[in-house]
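Structural description and commentary
Below are the chains, spelled out letter by letter.
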Amino acid sequence: MRKLVVITFISLDGVMQAPGGPKEDTSGGFKYGGWTFPYFDEFSGKMMGEQMKQPFSLLLGRKTFEIFSSYWPQHEQGWPGVNEAEKYAVSKKLKKITWKNTTLINKNVVEEIKKLKKKKGPDLQVYGSGDLVQTLLKHDLVDEFWLKIFPLILGKGKHLFGNGATPAAFELIGSKVSPSGVIFANYRRSGRIKTGSFS
């Protein structure tokens with residue numbers, strides 16, 4: 001069974017909204033779009049490049065899909081293979097899809113994603129897609145998190161765990177820190193939560 005990997009930029013207080021630019025997602029009056037920009041350096045670019053080289057299929061929510069599909073078809077040199085990769089767009093609003101190799105999932109989302117995980121193929125990578133991620137967390141469908149944790153607090157905004165999640169334990173499988181203080185931390189599902197007492 002292939003893994004489902006959530007890849008996201010988050011602030012110290014867990015905000016994941018609009019990391020890429022001022023107009024990316026202003027919903028809720030969010031005014032800090034593009035908050036990752038000052039922290040990107042050669043180290044961060046290399047780390048992102050290594051992750052993007054791995055075999056993948058994409059699973060994206062509507063907003064992220066629209067951003068990706070309007071950009072990557074003309075800029076594949078920045079992400080080799082992205083246009084040929086298998087892609088799944090989760091949305092009830094999308095009507096027309098022109099990005100090749102894309103399948104629309106517009107009903108029975110949880111069951112369809114469960115089927116995708118059982119299907120042979122590269123791991124399913126989820127970039128951004130805040131609303132979709134909430135559904136994945138609620139139904140315990142995330143196998144790994146690849147987090148980029150930035151040294152700032154944003155306060156209001158869409159949070160990675162904004163709607164809660166099914167309790168689960170994870171183990172750290174890799175971490176590095178950039179010169180600008182961004183923590184690249186990868187976590188893998190490791191079973192149920194264990195509790196105890198110091199007394």
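Notes on the structure in this doc start here. All values reported here derive from a predicted model rather than from experimental measurement.

1. Things to note about the sheet that holds strand 6 (residues 144-150)
Ordered in space as 4-3-2-5-1-6-8-7, the eight strands form an open sheet in which the pairing is mixed. The two strands at the open ends of the sheet, each matched to only one other strand, are strand 4 (102-105) and strand 7 (169-177). With strand direction ignored, the average angle separating the axes of adjacent strands in the sheet is 20°. For strand 1 (residues 4-11) and strand 5 (residues 124-127), the ladder comprises four bridges, and the chain directions are parallel. Residue pairing in the sheet places V5 in a bridge with Q125 of strand 5. Taken strand by strand, helix 1 (residues 42-52) contacts strand 1, strand 5, strand 6, strand 7 and strand 8 (183-191), and its axis lies near 35° from that of strand 8. On top of the sheet, helix 2 (residues 62-71) reaches strand 2 (57-61), strand 3 (87-90), strand 4 and strand 5; it is set at about 120° to strand 2, its chief contact.

2. Digging into the pattern of salt bridges
According to the stated counting rule, one finds 13 salt bridges in the structure shown. Two residues, E86 and K119, come together in a salt bridge whose shortest N-O distance is 3.2 Å. In this pair, E86 sits in the loop between helix 2 and strand 3 while K119 sits in the loop between helix 3 (109-118) and strand 5, placing the two residues 33 residues apart along the sequence. Given a relative accessible area of 39%, K119 falls into the partly exposed group. One continuous salt-bridge network, built from bridges that share partners, spans R2, E86 and K119.

3. Focus on helix 4 (residues 130-138)
Listed in full, the buried residues belonging to helix 4 are L132, V133, Q134, L136 and L137. Contacts made by the buried residues of helix 4 are with strand 1, strand 2, strand 3, helix 3, strand 5 and strand 6.

4. Regarding the side chain of R2
Examined against the element boundaries, R2 turns out to sit in the segment before strand 1. Within the structure, the side chain of R2 is placed 2.9 Å from the backbone oxygen of P122, a separation counted as a polar contact. In contact with R2, other than residues within four places in its own chain, are S57, E86, Y88, L116, K117, K119, K120, G121, P122, D123, L124 and D143.

5. With respect to helix 3
All of the buried residues along helix 3 are V110, I113, L116 and K117. Around the axis of helix 3, the buried residues are gathered within 120° of arc, so they sit on the same side. The exposed residues of helix 3 that point more than 90 degrees off its buried face are K115 and K118. Looking at the buried side of helix 3, the elements it contacts are strand 1, strand 2, strand 3, strand 4, strand 5 and helix 4.

6. Structural notes on the pairing of strand 6
With seven of its seven residues buried, strand 6 lies for the most part within the structure. A two-sided burial pattern is seen for strand 6, the buried positions comprising E144, W146, K148 and F150 on one face and F145, L147 and I149 on the other. Bridging between strand 1 and strand 6 involves seven bridges; their strand directions are parallel. By the bridge assignment for strand 6, I7 is matched with W146. Bridge count for strand 6 against strand 8 is six bridges, and the pairing is antiparallel. Each residue of the ladder has a partner; that of F145, found in strand 8, is Y187.

7. A look at the packing of aromatic side chains
By the definition in use, this model includes 16 aromatic pairs. Consider the rings of F65 and W99, whose centres lie 5.8 Å apart with planes at 45°: the pair is tilted. Linking F65 in helix 2 with W99 in the loop between strand 3 and strand 4, this pair joins segments that are 34 residues apart in sequence. Using a relative accessible area of 3% as the deciding quantity, one classes F65 as buried.

8. Concerning the side chain of S178
Looking at the element boundaries, S178 is found in the loop between strand 7 and strand 8. The class for S178 is buried, based on a relative accessible area of 4%. Setting aside residues up to four positions removed in sequence, S178 forms contacts with D41, F43, S44 and F184.

Each value, and the rule that gives it
Here, residues in each chain are numbered from 1, in the same order as that chain's written sequence. Per-residue local features of the predicted model are confined to residues with pLDDT of at least 70, and side-chain atom pairs are confined, for both listing and counting, to 80 or more; whole-chain, interface and lining totals are unaffected and use all residues. Note that the side-chain values use all heavy atoms of the structure and ignore hydrogens as well as water. Note on pairing: DSSP must find at least two bridges between two strands before they are called paired. A run of H or I in DSSP becomes a helix once it reaches four residues, and a run of E becomes a strand once it reaches two; helices and strands are each numbered from the N terminus. Interaxial angle, 0 to 180 degrees, is taken between N-to-C directions of lines fitted to C-alpha atoms, where a helix line uses only the stretch in contact. Working rule for contacts: check all heavy atoms of both residues, and any pair within 4.5 Å makes them a contact. We define a salt bridge as a contact between a side-chain nitrogen of Lys or Arg and a carboxyl oxygen of Asp or Glu at a distance within 4 Å. Think of it in three bands: with a 1.4 Å probe and only protein chains considered, a residue is buried below 20% of the maximum accessible area for its type, exposed above 50%, and partly exposed in between. Polar contact is defined as a pair of N or O atoms within 3.5 Å, subject to the rule that within protein one atom must be able to donate a hydrogen and the other to accept it, and that residues adjacent in sequence are counted only when both atoms are side-chain atoms. Directions from the helix axis toward the C-beta atoms define the arc. A pair of aromatic rings is counted whenever rings of Phe, Tyr or Trp (Trp by its six-membered ring) have centres within 6.5 Å, and the orientation is called stacked for planes under 30 degrees apart, edge-to-face for over 60 and tilted otherwise.

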